[in-house]
Amino acid sequence: MPSRVLPYPLFDADNHLYETEESLTKYLPKQYRDAIQYVQVNGRTKIAVRGQISDYIPNPTFEVVARPGAMEEYFRNGNPEGKSRREIFGEPMRSIPAFREPAPRLELMDELGINRTLMFPTLASLVEERMRDDPELIHVVVHALNQWLHETWSFNYKERIFTVPVISLPIVEKAIEELDWCVERGARAILVRPAPVPGFRGPRSFALPEFDPFWKRVVEHGVLVTMHSSDSGYSRYTSEWEGADQEMLPFKTNTFRMVGEWRPVQDAVASWVCHGALFRFPELKIAVIENGSSWVAPLLETLADVYKKAPEGFGGDPVAAVKRNIHVSPFWEEDLGELADLIGVDKVLFGSDYPHPEGLAEPTSYLEAIKHMSEEHQAKIMGGNLARLLSV
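The rules behind the values
- Residues numbered from 1 in each chain as written.
- Predicted model: local features only at pLDDT ≥ 70, side-chain atom pairs only at ≥ 80, totals over all residues.
- Heavy atoms only, no water.
- Helix = DSSP H or I, 4+ residues; strand = E, 2+ residues; numbered from the N terminus.
- Rg over C-alpha atoms; globule rule 2.2 N^0.38 Å.
- Buried < 20%, exposed > 50% of the residue type's maximum accessible area, 1.4 Å probe, protein only.
- Core = buried A, V, L, I, M, F, W, Y, C linked by side-chain atoms within 4.5 Å.
- Contact = heavy atoms within 4.5 Å.
- 1 Å grid on protein atoms, 1.4 Å probe; cavity = no way out; pocket = protein on both sides within 12 Å on 5 of 7 lines; lining within 4 Å.
- Points joined across faces, edges and corners; volume = space filled by probe spheres on them.
- Nonpolar A, V, L, I, M, F, W, Y, C, P; charged D, E, K, R; others polar.
- Pairing = 2+ DSSP bridges.
- Polar contact = N/O pair within 3.5 Å; in protein donor to acceptor, adjacent residues only side chain to side chain.
- Axes fitted to C-alpha atoms, helices over the stretch in contact; angles between N-to-C directions.
- Arc of directions from axis to C-beta.
- Phe/Tyr/Trp six-rings, centres within 6.5 Å; stacked < 30°, edge-to-face > 60°.

Visitor: Before we go on, may I ask you to explain the overall build of the chain in this structure?
Guide: Helix and strand counts for the chain come out as 15 helices and twelve strands. Here the C-alpha atoms of the chain give a radius of gyration of 20 Å, agreeing with the 21 Å that 2.2 N^0.38 yields for 392 residues. Viewed in the frame of its principal axes, the chain has a C-alpha envelope of about 55 × 55 × 45 Å. Looking at the chain as a whole, 55% of its 392 residues qualify as buried.

Visitor: Help me understand the nonpolar core in this model?
Guide: One recurring pattern in soluble globular proteins: nonpolar side chains tend to sit buried together. Counting residues in hydrophobic clusters, the biggest one holds 123 residues, and the most contacted among them are Leu169, Phe214, Trp215 and Trp272. Among the elements that take part in this core, helix α5 (residues 135-152) stands out by supplying nine residues, more than any other. Residue contacts for tryptophan 272: discarding those within four places in its chain leaves Phe206, Ala207, Trp215, Met227, Ala277, Leu278, Leu284, Ile286 and Ile326. Counting five residues, the second largest nonpolar core, distinct from the first, contains Ala66, Met71, Ile88 and Phe89.

Visitor: Mind showing me how you'd approach empty space enclosed by the protein here?
Guide: Regions of empty space are outlined by a rolling probe, equal in size to a water molecule, passed over the atoms. For the coordinates displayed, the defined rule picks out two cavities of 30 Å³ or more. Lining the largest cavity are Glu128, Ile167, Ser168, Leu169, Val192, Arg193, Ala195, Pro196, Val197 and Pro198. Of the residues contributing to the lining of the largest cavity, the split by class is seven nonpolar, one polar and two charged. Empty space within the second largest cavity amounts to approximately 40 Å³. Residue lining of the second largest cavity: Trp295, Val296, Val322, Lys323, Ile326, Val328 and Ile343, and that is the complete set. Each residue belonging to the lining of the second largest cavity can be placed in one class, and the counts come to six nonpolar, no polar and one charged.

Visitor: What is the right way to read the pairing of strand β2 (residues 36-41) from this model?
Guide: Within a regular beta strand, the side chains point alternately toward one face of the sheet and then the other, so they alternate between its two faces. The pairing of β2 with strand β3 (residues 44-49) spans six bridges and is antiparallel. Across the sheet, glutamine 37 pairs through a bridge with alanine 48, a residue of β3. Hairpin connection from β2 to β3: two residues lie between these consecutive antiparallel strands, with asparagine 42 at a positive phi of about 50 degrees.

Visitor: Looking at this structure, how should I read the side chain of serine 23?
Guide: With respect to the element layout, serine 23 can be found in the loop between β1 (11-16) and β2. Given the relative accessible area of 0%, serine 23 is considered buried. Here the side chain of serine 23 touches threonine 20 through a polar contact of 3.0 Å, landing on its backbone oxygen. Once residues within four sequence positions are removed from consideration, serine 23 is found in contact with Leu123, Ala144, Leu145 and Trp148.

Visitor: Which parts of the structure should I look at to understand the packing of helix α12 (residues 296-309) against helix α13 (residues 318-325)?
Guide: A pair of packed helices is captured by two measures, namely the crossing angle of their axes and the spacing between those axes. Contact geometry for α12 and α13: axes closest at 8 Å, N-to-C directions at 140 degrees. Residue-level inspection shows Leu300, Leu303, Ala304 and Tyr307 of α12 in contact with α13, the latter providing Pro318, Val319, Val322 and Lys323. When its residues are assigned to classes, the contact of α12 with α13 shows seven nonpolar, no polar and one charged.

Visitor: Please clarify how the sheet that holds strand β4 (residues 52-54) should be interpreted in this entry.
Guide: Where strands meet in a sheet, backbone hydrogen bonds hold them as pairs that are either parallel or antiparallel. Sheet architecture is open: three strands sit in the order β2-β3-β4, paired in antiparallel fashion. The two strands at the open ends of the sheet, each matched to only one other strand, are β2 and β4. On average, adjacent strands in this sheet sit at an angle of 45 degrees to one another, irrespective of strand direction.

Visitor: Explanation requested: the sheet that holds strand β12 (residues 326-328) in the structure shown.
Guide: An order of β9-β10-β11-β12 is seen for the four strands of this open sheet, with the pairing classed as parallel. Looking along the sheet, the strands with just one partner apiece sit at the ends: β9 (189-191) and β12. Recorded for the sheet is a direction-independent mean angle of 30 degrees between the axes of neighbouring strands. Direction of pairing for strand β11 (residues 286-289) relative to β12: parallel, over a ladder of three bridges. Looking at β12, one finds that valine 288 is bridged to valine 328.

Visitor: Would you take a moment to explain helix α7 (residues 212-221) for this structure?
Guide: Residues spaced three or four apart along an α-helix face the same direction, because each turn holds 3.6 residues. Within α7, the full set of buried residues consists of Asp212, Phe214, Trp215 and Val218. Each buried residue of α7 lies within a common arc of 160 degrees when the element is viewed along its axis, so the set occupies one face. The inward-facing, buried residues of α7 contact α6 (172-184), β9, β10 (224-228), α10 (263-274) and α11 (277-280). Trailing α7 by a residue or two, glycine 222 shows a phi angle of about 75 degrees, which is positive.

Visitor: Mind showing me how you'd approach the packing of aromatic side chains here?
Guide: Given two aromatic rings, their pairing is described by the distance between the two centres and the angle made by the two planes. Per the stated rule, a full pass over the model turns up twelve aromatic pairs. Centre to centre, the rings of tryptophan 262 and phenylalanine 331 are 5.5 Å apart; their planes meet at 55 degrees, and the pair counts as tilted. With tryptophan 262 in the loop between α9 (255-259) and α10 and phenylalanine 331 in the loop between β12 and α14 (336-343), this residue pair connects regions lying 69 residues apart in the sequence. The partly exposed category is assigned to phenylalanine 331, whose relative accessible area is 21%.

Visitor: Is there a simple way to explain the environment of serine 239 in this structure?
Guide: Relative to the elements of secondary structure, serine 239 occurs in helix α8 (residues 235-242). On the basis of relative accessibility, which here comes to 7%, the residue serine 239 falls in the buried class.

Note that all results are geometric; they support no functional claim without further evidence.
Below you can see the structure in the form of structure tokens.
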């Protein structure tokens, strides 16, 4: 039985699966087999992308993982003792079938009190940035991953687990093909990285007119666009400040990176309006997941100021467009009432980040952050809003 029984169903906007080693390799065409390899380094398995070993995810096999919610105390009270990340994580655990397969995950969801969930991959977040100079390879690897996701989890498992396939946009025609392929197999939501799109002539915004055929197709399908926290490539900028060229290492303390941690999503949302896509496609449904909400108020304030000074640069009111199209899944430790007042309670989504250490060990405890709200508003945030977006 769940630890807390609620009068409304929970639809979690942020759950994760842990991939197996074959997730990126099983369906890779033979000529690309060397693009992704698992190698042994001092007795530990690492992932190598085109021969370059990555430490972005320290243990890419996920055989041993941090316990769900291991960092709750850290996010609740900070780190006054200056503990290392390993000390904060505490004793790890071996992955269980519920982290790897949908049937056991449903059983665990019942125990946790979760009715439905979006299910995001974990390893996928490293792919695009490490292949940004080879757009064709990005599409090949992303499709291989989506084939594995569909085979192992399906994109709609018993109308309860909605696994989210990855869509990368470098070559628009291939992105549309991938979108159609995923939707034909039941996808209700897609994952688009909050970052400039790699291309043959360099990166550019996903919200520029050249991507309009893709967004038109998204609207026709009615799928939800999710922008989940990822490696958005901003380590290139922090490296210039620090005089060192290194990849993003999310589990290593870097205070300079932490200061601008939400800059990528802030820029991504700004691009939606500054480059016009939300005005050309006002029917788009977009959810920003696992990026918190501390960036929302400063961005809206800045957009309002820019709009006052240069209204001719927008296709309409950018603040109104953001509030119309963008849904936000805030962290439990943030002020959810303040966010609901700012963008509207219909735009706030519950997300537990289970079973990641940064998330909640008991997803229903998210309710503590909104217990002061009416039951009607609680029901919207804890599942009703997402159910509406996915038409379930």
